[in-house]
Every structure is written in structure tokens, then in C-alpha cells.
Amino acid sequence: MLKNQEIIDQMTLEEKASLMSGKNFWNTQDIERLNIPSIMLTDGPHGLRKQGGKADHLGLNKSIPSTCFPTAATLANSWDESLLHDVGYYIGSEAVDENVSVLLGPGLNIKRNPLGGRNFEYFSEDPFLSGKLAASMTRGIQSNGISACPKHFAVNSQEHLRMTIDEIVDERALHEIYLEGFRLAVEEGEPKTLMSAYNKVNGEYANEHLYLMQEVLYHQWNYEGVVVTDWGGNNDRIKGLLAGNQLEMPSTGGITDQEIVHAIKSNELEEDVLDQSVDRLLTLIFDTRSADTKKAVETKHHHEAAVEAAKRSMVLLKNEQDILPLQSGQTIAIIGDFADVPRYQGAGSSLVQPTRLPSPWEALQKTSLTLSGYAKGFKRFGGSSTKLKQEAAALAKESDIVLLFLGLDEGSEAEGIDRSDMKLGNNQLELVEELTNIHDNVIVILSGGSIVEMPFASKVQGIIHAYLGGQGMGEALSDILEGGYNPGGKLAETYPVHYSDVPSAPYYPGREATAEHRESIYIGYRYFDTKDIPVLFPFGYGLSYTSFEYSQMHVSSTHISLTIKNTGSRAGEEVAQLYVEPLDSHIFRARKELKGFVKVHLEPEEAKEVTIPFTENQAAYYNPAMQAWSLESGRYTLNIGSSIQDIRLSHTITIEGDDHAPPYNKEKLPSYCKADVHHIRDEEFHALLGHTPPASKWNRKKNLDHNDTLAQMKYKKGLGQMIYLLIVSIKKGLMAANKPLQANNTMFIMNMTFRQIPRFTSGKVSKKTVSRVLKIINLG
Ligand code: BGC
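None of these values were measured; they are calculated from a predicted model.

The next point concerns the pairing of strand E13 (residues 462–467). In terms of burial, E13 is largely enclosed, as 6 of its 6 residues are buried. Residues Gly-462, Ile-464 and Ala-466 point to one face of E13 and Ile-463, His-465 and Tyr-467 to the other, with burial holding for every one of them. In the sheet, strand E8 (residues 315–319) pairs with E13 via 4 bridges, with the strands oriented antiparallel. Bridge pairing in E13 links Asn-319 to Gly-462. Pairing between strand E12 (residues 442–447) and E13: 5 bridges, direction parallel. Note on E13: the bridge partner recorded for Ile-443 is Gly-462.

Read across the sheet, 3 strands follow the order E17-E18-E21 without closing on themselves; strand pairing throughout is antiparallel. In this open sheet, the two edge strands, each paired with only one partner strand, are strand E17 (548–555) and strand E21 (607–613). The mean inter-strand angle of the sheet, taken between neighbouring strand axes irrespective of direction, is 25°. Where E17 lies against strand E18 (residues 559–566), 6 bridges are found, and the strand directions are antiparallel. Paired with His-554 across the strands is Ser-561, a residue of E18.

Following the criterion strictly, the structure yields 49 salt bridges and no others. Note that Arg-33 and Glu-15 form a salt bridge whose closest N and O atoms lie 2.8 Å from each other. Of this pair, Arg-33 sits in the loop between helix H2 (13–18) and strand E1 (41–42) while Glu-15 is found in helix H2, placing the two residues 18 residues apart along the sequence. Judged by relative accessible area, which is 52%, Arg-33 ranks as exposed. Note on Glu-15: relative accessible area 16%, which makes it buried. The salt bridge involving Glu-516 is made with Arg-518; its shortest N-O contact spans 2.7 Å.

Quick notes on the rules
Residues numbered from 1 in each chain as written. Predicted model: local features only at pLDDT ≥ 70, side-chain atom pairs only at ≥ 80, totals over all residues. Heavy atoms only, no water. Buried < 20%, exposed > 50% of the residue type's maximum accessible area, 1.4 Å probe, protein only. Helix = DSSP H or I, 4+ residues; strand = E, 2+ residues; numbered from the N terminus. Pairing = 2+ DSSP bridges. Axes fitted to C-alpha atoms, helices over the stretch in contact; angles between N-to-C directions. Salt bridge = Lys/Arg side-chain N within 4 Å of Asp/Glu carboxyl O.

In short, geometric facts, not functional conclusions.
This is the structure in C-alpha cells:
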């Protein structure tokens, strides 16, 4: 008996099918005669992006003003589950106020590579941290009675060709790295909605993946909610339905609903599958409508919450001779375009219109600090300017301290496009060089949602990574600089010295048909720490204006307790991190893995006992031979650190495991056993996968079909190439006109498949028309 059996019994087949796709861009279908209302789903994840007028999922058209909180990459540095809950609560209450039932976030894909265009929207390179934070945010959003929507399930690791790319990943990495965060978010956050990813995973579209959806999500994790496609992410509607995708968004003008009706009438699909999907969707609709009572959102209070969230998320990376906090009496030069025009969020579907946005320059003028002036220093989108450099140098010379605001510009990290390198603009690097040559007290404030190479790190006295701090970033930063707030953020990702050090660098991104994850489980610190590769700043690292002492570690069967003392003269926050280190493993493993953390606030001289939950099962690995988690017997060191490199306490335990046979023949995986993942040869990768993966290149000679991307027109002569070149020249024109965001959006078109054209045009361009155009293109 289904939950909504009574209503379902009254519905016609056509009515049931009509619920399976959107009514328009953001709303579900309603059925008036049965009192089934339409609900609204909208972005997310760091603020409400409700579009009043024209709809799109690229951040092109304006949305109503809402509080812009720090993006996930920023919030993750807080390592603060209660903060994530609060931020979720605030965004959720703004959603309720606007009658939005499903907020499309949090995003928790793993940062496989620093060049990922949407890294700013994701939490971490580590699944445990990502999953815990996503679960808290989900609970916070849903505490308003609405639904969160963790996304994009799963292995969505690059923007390039995100609609079609086939992510080839071995089973262990799939479970330990790419699914584990989602497991935590689902089991601990209990989201009512989950968004499937555009990409394929090992040959199947994520949205049609029977193993990922039926076996893992619904069966193993007992997921009880709804799965919505990413916008336009449906491929074969019947396969999607069978895998457990109830809602296709946005509207397809009824095209795919008819496909469902036809499949049932022709006995290709059992009506029961449709009924169960309708049942889940109705549960979501009725459940989230209970949040209909509006909340009176206090814009000012939410802005203050955004400032607080930004403060707790910024990371102090360097503080030579305690140059920070700044002292009264010092004259301070404010240099760099990012001080005046803040970079505070990323581009694409998450772009919100902030309710207010004081810049760092404005906020600093309200402090007691003595500012000697502001100089722009460089052109934001590149190109050198001697005049701007000279003005900056002149201002620096007459000041005691230089606060230099650098960053990634708006066009360099955006949905739909990956970065091409990990560098700051040349003109910015030249400016640091120039200023550090003439000044001894340069402090860099960095804005950007991703990591960058910092060739200047040893030459400056201080570095604060402000990440993308949302609309409160200016005030948060000035409070940190002035010393009103003591920073306690810790990196949720590793800062490599060079991009070439990154484990996935040789394989990223997948350029045509597939993206091979040859580095397997060795993502971020799992590689750098295991292989002892020097890094600029390690995972979990962040300084404070005070210091902490760790003592008295005790291990029980359910948790670890320890005492942390603030040994300095300022109140501050510390994050103690638990890294588990297997000593007797028979398989290749990361040297240490994050399995717990706790954040504590301490007054000067105060000491507190804190606990980190830990059970032996957390030391398990995913055993592909068993298709289950296995626990190896042997010794494990439990390390408690202030970062992965700064281990303060440790204790070795012996675990009696299940001793399943190791899944690998070690001799066939020599590079993996040495964490030597930069040159994995075909045979070794195939041995790890257990099969030969499909060709990574497109077949350039074949005729294009509905599932090919528009980018593939490049290889056709005639009409195809003409359209391709037209898109390329539009992109170039927009870049030349200094419109990087719009230019990036042309990549969305390139990466789109032909099958999506009828859907994105709500049937105005029919499938037949697309077939005809394809015929002409294929003549070329
Ligand atoms: C993005 C999603 C977003 C959706 C709706 C898609 O392009 O990948 O994250 O929620 O659009 O805007």
C-alpha cells in the first residue's frame, strides 16, 4: 500500500505521467481537480536564487535579492557543523518566505582537481568532511519544513563536457571517495530530494545508473526521498524512471511524459513503477507545502549571520612576526582592485543578488585603523598598466603596512568551464613582486573559491585566504584584520606548490569521451601525505592569533577524548582532527585518512575536554571483491592533529577485523602500492578497474547523433563546422568585450547534447527538426 494510494487511485495514466516532469523551469506540475499543488525548486546552494522574471540555470537573468552566504568552499574551512546548520536554516527560511519548497543544495562533489570550475561550490577534497558538512546544512535547510537537495550524485568532477563525459573510476575510489560523502549526507542529513549528475559513471548516465541509484542509494542507504535530474540532465526517460528518478526538470513540454504513457501502454514499463514514483513525489509535494507559512525574514539579521559565517571561514595562512592583527598607529595602504570591488561568490546557477555588499575598503574605513589610501594596482581581467603599478608603489612607500588584495576574477571560476591553470593573473604577480621589493610589510588577502599557486608566499609577511566570503566578507575581513575576531579557519583542501604536483594533473580533465581516474583513491592529501610530496599548505592547516596545547588522549570503543588548552592571550577557536593510520595493511591505502574532528572555542588559559566519535568500523576500506566494506586486522595509529602535518597526540590500537582476502594482486598494481600515480600505464589501470575501459577519444568520423555534443561539430565540414565556428567567435567577441561570464556561457552551449535542444526549448524545436539538422550536419 502506497502512502498516497487514495489519490493515486483517482489519477489517470496521463495525469500520473504529467507529474514526472516540470510544469516550467522551476515548478512541478499541479493537478487542480485533485488538489495537487505545484511546488517550486530553486538554487542554492549559498543563497536563494529565485528568479522573478525570465528563468535560466546559468545565472544570466536577475533573481530577487537574498542574503549571499559564503560559498561551500569557504564554509568548509570553518569545520563547524553547527555553523553549516545555521547557514542552512537561514537560507531555508528565505526560501520559505518566497514559497520555495526545494532548495537546490548543498553541492558536495569531491574536488578531484583544483581546476574544477565549480570547486567554489563544493566543500572539500575529503569525503568525510564534505559529507558531515553537507548533512548539517541539509538538516538546517530542512528544519524549515522544506527540502534540501544535495547534488550532483555522483562523480561530477569536471565542467568540461559535463553533460556527456563518462567518468571511469575504479570501484574502491567510487565508494571511498566519490560516494562516501553522499552516504553521510543521505544517512545523517535525510534529504527529501537529491539531484542526479549530468555525467556518466562507468558507462551509464548517473541518472539511469541502476547500481548507483537502486542498489547503493535506495537499497544500501535506504533513501526515502525523491531524485530530481540536474536541469536538462535526462537522457532516456524510461531508463531514468526505472533507476528511480522521479522528477525530470525543467519542463519538456510534455514530450517525455508521453514517452512514459507510451511505454506503459505498450507493456515496456509496468504501471507500478510509475505509481511508486508518483507516490514519492506526492510525499515531497505535500510534505514541503506544510512550510507554507511565511517567515518574516529580517534582512539585517541575516546579513549579520553572513558576516559571522565569513569570519569563521577565513583562513590565516601566514603571520610572520605576528604582523596581524594590525596595530593602531600604523599607516595602512589598501592596494588591489579586489578591496574595492569584492569577489564574494562564483558564477553560474548559484549566483545570487546580495541584499547589501560592503566592500573591504568600505568596511576598513569604519574601523579605528589609520588608512593611508586606496590604489587599484592592476586591471582585474588582465593586461599590464604601469600607471596603476606606480600609483600602488607610491602609496606603499608612504605607509607602514601594505594590505594587498589579490584574487581570481569572475570569469576564471564558473559553472560550465574548468580553469586552464592554477595561476593568479600575471599583472597581479608582477605587482606583488614590485611591492615586496620596495616594502617589508606586505600582507596578501586572497579572494577566490579555489586554490592558486603562490610564488610570492615566502616574500610576504602575511596571507589571509578570504575565499568567496559572501556579502559579509568585507566586514568579516576588517574585523579579523583589526583583531576584533581571531581567525580559526582550517583548509579543507591541500595547497600544492605547483599544479604539476596534483595527483590527477596528468589525467584532468577528460577531454572527449571519458575521464579516467587513474589516480584512484589518491585525491588531495591522500596522495601528498602518503608520498611525502612537499606542499605549500597542508590539509587542515590554518593559523590563529593564539596557540593551543593538546593533552590527555583517551581512546574508548565509541570515541576519543582529549584536552585542548588555549595557551595564548586571546580567545580563539581550534579544530582538532582525527587521522587514522593503518600500520599493517595488505592493500594500497592512504597513509592517513580523516575520520573525525571537533571544533572548540576557548578563552585565554581555558582548557576543555573534547570528544571525537570513533568506532573501529571507520577504519574499514571498500573491498571490490566483496562489494562491501572490509576491516583489516592489525595495528592502527589514531593521530590527533591541528592539521594533517601537525600531529599533536597519537595512540596505537589493534583491531581484530573480518580478514576478508585482499581484493588485489599486488604485483599487478606496483605504482598504486607506491602511490606513484603520475604515470599509470594502461595495463595497470585496467588491472585496477578489472576491465578495459571504453575509448577515451571520440570517433571523429562517425555520424553525429542525438547523444553527441554540439562541440563535436568541430570535426564536420559544412554546416556543422560553421555553427561551431560561430559559437567560438561569439565567445571570443564576448571575451574581447570584457564579458567573461557571458563568454563562459557559450561553453554551456558547446557542451550540450543535441537531444537536449527540444527539452531546453520546451519542444519548440522538435526532435524531428533536430534529426533533420543532424542529417545535414552529417553530410559534412
Ligand atoms: C546545475 C545545478 C543547478 C541547476 C538549476 C544546473 O546547470 O548543474 O547545480 O541546480 O542547473 O539551476
